[in-house]
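Descriptive analysis of the structure
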Amino acid sequence: SKEFLDVDKLVDSLGNIPSDFMTFGFQFINPAIRFHGLMAIFHNYFNKQFVRLYKALIYWREENIDMPGEFARDLIKNYFQENLLFSGNLEIGGVKADLKTIEIPVLNIISMLDDVAPYPSCDALKEKVKDIKTIVLPDGHLAVILLIMMNIPLEPYWKEILSWIKE
């Protein structure tokens, strides 16, 4: 919300969004996620594959770069605070972007427990796009990678995804 983040003040003051700000901000989305991660590593300490993947994901999560100021201003204001794309009020190059005009099939892969892209926000896309197929994964937005480590078979999800691509 605009009350929570004054992106204009931040960009005008710093010129960009420092990577540390983004890393810190992501922690506020779901503060308990770090604790869950540490517990997962504790419970899977002797599982070399789990530990290797966990370390890679932590590195990926923490390895951010500064976000250019004007890009950040546009992204945060137009897409998050004002939700212009979804509401049909976003203009790109003087042309209104309307999700209802998408004519190609869309595959919407949603994770039930995603804290970055919450299920209701992703599922709402079906209100705007005519030809949409939705596949719902359990867990968070990395579920398509991590399910196997939770002893949940990935094969049914990948079969459905590949079937849609072939179609």
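Residues numbered from 1 in each chain as written. Predicted model: local features only at pLDDT ≥ 70, side-chain atom pairs only at ≥ 80, totals over all residues. Heavy atoms only, no water.

1. What to know about the overall build of the chain
Along the backbone of the chain there are nine helices and six strands. Split into buried and exposed, the 167 residues of the chain put 27% on the buried side. The contacts in the chain between residues at least 6 apart in sequence include a share of 62% that link residues at least 24 apart. A total of about 11,900 Å² of accessible surface is found on the chain, and carbon and sulfur atoms cover 62% of it. Computed over 17 positive and 23 negative side-chain charges, the separation of the two mean positions in the chain equals 5 Å. (Helix = DSSP H or I, 4+ residues; strand = E, 2+ residues; numbered from the N terminus. Buried < 20%, exposed > 50% of the residue type's maximum accessible area, 1.4 Å probe, protein only. Contact = heavy atoms within 4.5 Å. Areas by Shrake-Rupley, 256 points an atom, 1.4 Å probe, with all protein chains shown as cover. Lys, Arg positive; Asp, Glu negative; His and termini not counted. Charge placed at Lys NZ, Arg CZ, Asp CG, Glu CD.)

2. Comments concerning the nonpolar core
Formed by Val7, Leu10, Val11, Ile17, Met22, Met67, Ala72 and Ile76, the largest nonpolar core amounts to eight residues. For this core, the secondary structure elements donating two or more residues are helix 1 (7–14) and helix 5 (69–81). Broken down by element, the residue count for this core peaks at three residues, all from helix 1. For Ala72, the residues in contact, after removing those within four places along its chain, are Val7, Ile17, Met67 and Lys77. Judged by nonpolar contacts, the second largest core, of seven residues, contains Ile135, Leu137, Tyr157 and Ile161. (Core = buried A, V, L, I, M, F, W, Y, C linked by side-chain atoms within 4.5 Å.)

3. Description of the pattern of salt bridges
Evaluation of the coordinates by the stated rule reveals seven salt bridges. One salt bridge in this structure joins Asp123 and Lys126, with 3.0 Å as the shortest N-O distance. Of the residues examined, Asp123 reaches a relative accessible area of 15% and is grouped as buried. For Lys159, the salt bridge identified is with Glu155, shortest N-O distance 3.2 Å. Of the two residues, Lys159 and Glu155 both sit in helix 9 (residues 155–166), four residues apart, roughly one turn of that helix. Through salt bridges with shared partners, a single network forms among Asp8, Asp12, Glu70, Arg73 and Lys77. (Salt bridge = Lys/Arg side-chain N within 4 Å of Asp/Glu carboxyl O.)

4. Brief notes about the environment of Lys96
Considering the arrangement of structural elements, one finds Lys96 in strand 4 (residues 95–97). Along the sequence, Lys96 and Leu85 sit eleven residues apart, while their C-alpha atoms lie 9.0 Å from each other. Setting aside anything within four residues of it in sequence, one finds Lys96 in contact with Gly88, Asn89, Leu90 and Glu91.

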